[in-house]
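What the coordinates show
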Amino acid sequence: MWQQVVNSLTDGFLLGFVYGLAAMGLSLIWGVMQVINLAHGVIITSGMLATYLMFLHLGINPYLGMLLVAALGLGLGLVIYAAAVHRVISAPHLSSLLATFAVNMIILGIFNAVFGGDQNNVDYSLGSLSLGFLNITVSRLLAALGAVLFCVFLYLFLYFTRTGKAIRAVSNNREAAELMGIPSAQVLALSFGLGSLLAAVAGALIATIFPFTIFSGGPFELKSFVICVLGGLGNPLGALIGGLALGLLEGLIPIWMPTSWVPVVEFGLFVTVLVVRPSGLLGAK
Amino acid sequence: MKKWQISLVMVISVAILAIAVFAPGNGKAAGKDGKSVVIGFTASKSGKLKTEGTRQIQGFNLWMEQVNAKGGIKLADGSVVKVESREYDDESNKDRVQELYTRLINNDKADFLISPYSSGLADAAAVIAQQYKKIMITTGAASDSTYKKGYTLVYQTYTPASRYLTGAIDLLAKLDPKAKKVAIIHEKDKFSTDVVNSLKAYAERKGYQVVLFEGYDSGTTDFAAFINKIPSGTDAIMGGGHFADTSTLTRQLYEKKINAKMFAFLVAPPEPKFAELGEACLGVIGPSQWEPGVKYSPEGAKAAGLSWYGPTVKEFEEAYRKKYNNEEPSYHSAGGYAAGLILQRAIEKAGSLETDKVKKALDELKDMTFYGVVQFDNTKENHGLQIGHEMVYIQWFKNPQGKFYKEIVWPEAAASAKAFVPPAR
């Protein structure tokens, strides 16, 4: 029994890093510009699809392809920002919510028309490692490593580069940052791009673990919301910790309960955190 | 209300009435002159059932093209009717299905109906067919429950879900007589639950021990928790659900290095796309309604005391490949063609397009076709349920060049290769 628990916890823990990475993208965008990005799910899907198509048609290793996917995510984010978000950024939240939702529907519609609802699988299996009774699939391990790597990059970028500091400054107080000569429009666009870069990379990592359809981004978007609230919206480190917590829960719950209970517990937790600690576990008081 | 407003309202009312009266006539123009029979259906040309839905319609269209090329269907009075179809995209959506079938019957004046793909959509369409007293041949729909609702005009082409995986137990007994423990992991939707409940009962009746019986929700992507639950020493792992979840489960079983003497899963294994899983697909077994390698033949029909109807397996496959860029017909395609063929046979036997006469012919139908035996239950409790058709089981093999291909391994009479135990992972 405890072997099963340890195995399931390990599986959940590793997956948690990827959840965390996806949530970080959502959290960053909220933190900087107070926009809830409802196109988050389709950006994750774009990352999955890009990885799959590059692997299938160009034979690009899915882990190396991640760099291209990152560039694609950044580009996609910039385009979405320019097309749909920039004009409504100072309008009430509902406007940006609807704008990103519209983007979501447009991209999903295009995917549906072009690729259909087929299941796609990146056939790049690396088997698993056995340590005694513990069995770890290599794809999960690499995905977790990849997620950690991107988290570290994000941290270094935000804290040690001029542009990163500008992002944090705009996040802190947009008007004051503008008065200091920081071009806020560019910084906002870049932040949106970074957020979607993280989502796309998370998608690429997920595609190496699970087969997916064009609708697969949706559930990960929902998880990202739960994680962000859990860890504190706008706090990237909180998102990572929230992701790990969710991953562990998902590993643990099915041992004793039918999987139908997973969303019940997850969203129960979501509501509880909102009630007890609205700013999240690591959020500002 | 001013005078001009009243006139405006009247003009608009008249216009609406005119549209209501004349519009339905358009769809019927060709059907009413006695020279064509209109068959209506919806197809999932978009949404999650796009692939299967499209293949089904390709099969049906091939049938229609062939019938019309031969002049049409002959009736008792010597007249020959051409076949016409009316179709809509149901977007894989239940509500759309009911709306569109009502439209097919009322506006397009369809004489007969074919179901959309999938048990859920077909079940939604069957209600409308029965309500408006139209015969519907369901295809791509295996759930048993549609035929236990007292419908009298709905006929099933597929082998029902309750007989989907029971053959795998017989195959297991043959593959390894010492096998005892079976683990069942299945999707918790209607179809898969129907399948595994019958499977469990059958396995226990045959003396097997079901060591794990767990359902997962539709849309589950992470099966690690279920796989960790499989007790060591399990001989066979069975179940699954639809393509997406089953292929994910298969892949994760492989990556977790789970060994068993048999992996038998629903729906996904017969699909050519299953080979995308690479090594993970090797040795996996799956039930299929039909495969291009099946051995139904006029001689076989004679031996079984049945009459043969329609093209041979080879003729069907060749015609299909010719029409659709050399694409291999899947069982969805064969099912679509078979639905048309069944209707054609019944209309010819009845010699009429009248619902009552065709229904009688369908009730009495017992033929062998390229698709297998077709016979419907005509008892009150299970009216329309398919009782003649049998599943075949395929297994994935690997050739020396490293390419994966499938062979029929069960039943023995139809097998093209001998089943094997998957290599240790």
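Values in this document were obtained by computation on a predicted structure and should not be read as measured data.

Conventions used here
Residues numbered from 1 in each chain as written. Chains lettered and ligands numbered in written order. Predicted model: local features only at pLDDT ≥ 70, side-chain atom pairs only at ≥ 80, totals over all residues. Pairing = 2+ DSSP bridges. Helix = DSSP H or I, 4+ residues; strand = E, 2+ residues; numbered from the N terminus. Contact = placed C-beta atoms within 7 Å. Axes fitted to C-alpha atoms, helices over the stretch in contact; angles between N-to-C directions. UniProt positions renumbered as here; feature names shortened; annotations may be inferred. Core = buried A, V, L, I, M, F, W, Y, C linked by C-beta atoms within 7 Å. Buried ≥ 20, exposed ≤ 12 C-beta atoms within 10 Å, placed from the backbone. Domains from an automatic or database assignment. Nonpolar A, V, L, I, M, F, W, Y, C, P; charged D, E, K, R; others polar. Right-handed = clockwise from strand over helix to strand, strands pointing away.

Let us look at the sheet that holds strand S4 (residues 112-114) of chain B. Residue and element names in this part refer to chain B. Taken in spatial order, the 6 strands line up as S2-S3-S1-S4-S5-S6 in an open sheet, and their pairing is mixed. Of all the strands in the sheet, just strand S2 (73-74) and strand S6 (154-156) have a single pairing partner and so form its edges. Note: S4 against strand S5 (residues 136-138), 2 bridges, orientation parallel. Bridge assignment links Leu113 to a residue of S5, and that residue is Met136. Across the face of the sheet, helix H2 (residues 50-69) comes into contact with strand S1 (36-43), S2, strand S3 (80-89) and S4 while running at roughly 160° to S3. Across the face of the sheet, helix H3 (residues 94-106) comes into contact with S1, S3 and S4 while running at roughly 170° to S1.

Under the feature "domain: Leucine-binding protein" (unreviewed entry), the UniProt entry names residues 37-384 of chain B. Helix makes up 40% of residues 37-384 of chain B and strand 19%. Its end C-alpha atoms lie 22 Å apart.

Our next topic: the nonpolar core. Of all hydrophobic cores here, the largest spans 119 residues; its most connected members are Leu113, Ala125 and Met238 of chain B. Considering each element in turn, this core owes the most residues, 11 residues, to helix H11 (residues 331-350) of chain B. Summarising the domain contributions, this core has at least three residues from each of domain 1 (29-159 + 295-375) and domain 2 (163-288 + 391-414) of chain B. Once you skip the residues sitting within four places of it in the chain, Ala125 of chain B turns out to touch Val97, Tyr101, Ser115, Pro116 and Met136 of chain B. One finds Val69, Ala84, Leu194 and Cys228 of chain A within the second-largest nonpolar core, a separate group that totals 83 residues.

In this complex, chain A contributes 29 residues to the contact, which on the side of chain B involves 31 residues. When residues of the side of chain A that touches chain B are traced back to their parent elements, those giving at least two are helix H1 (2-33), strand S2 (134-137) and helix H10 (236-256) of chain A. Per element, the largest residue contribution to the side of chain A that touches chain B is 5 residues, and it comes from H1 of chain A. The residue inventory of the side of chain A that touches chain B, partitioned by class, reads 7 nonpolar, 18 polar and 4 charged.

Before going further, it helps to spend a moment on the pairing of strand S8 (residues 209-216) of chain B. All names here are of chain B. Of the strand pairs in this sheet, strand S7 (residues 181-187) and S8 are connected by 7 bridges, and their pairing is parallel. Looking at S8, one finds that Ile184 is bridged to Phe213. Viewed along the sheet, the connection from S7 through helix H6 (residues 190-205) into S8 turns out right-handed.

A few words on the sheet that holds strand S12 (residues 307-308) of chain B. Residue and element names in this part refer to chain B. Within the open sheet, the 3 strands sit side by side as S12-S13-S14. Their pairing is mixed. For this open sheet the edge positions go to S12 and strand S14 (372-375), each flanked by a neighbour on one side alone. The pairing of S12 with strand S13 (residues 366-369) spans 2 bridges and is parallel. Residue pairing across strands places Trp308 opposite Met368, the latter belonging to S13.

All names here are of chain B. Summarising the element assignment, Val284 is placed in the loop between strand S10 (262-265) and strand S11 (285-288). Overall, Val284 belongs to the buried group, with 27 C-beta atoms counted inside 10 Å. Spatially, the C-alpha atom of Val284 lies 9.9 Å from that of Lys261, the residues being 23 residues apart in sequence. What Val284 contacts, discounting residues up to four positions off in sequence, is Thr250, Phe263, Phe265, Pro269 and Trp396.

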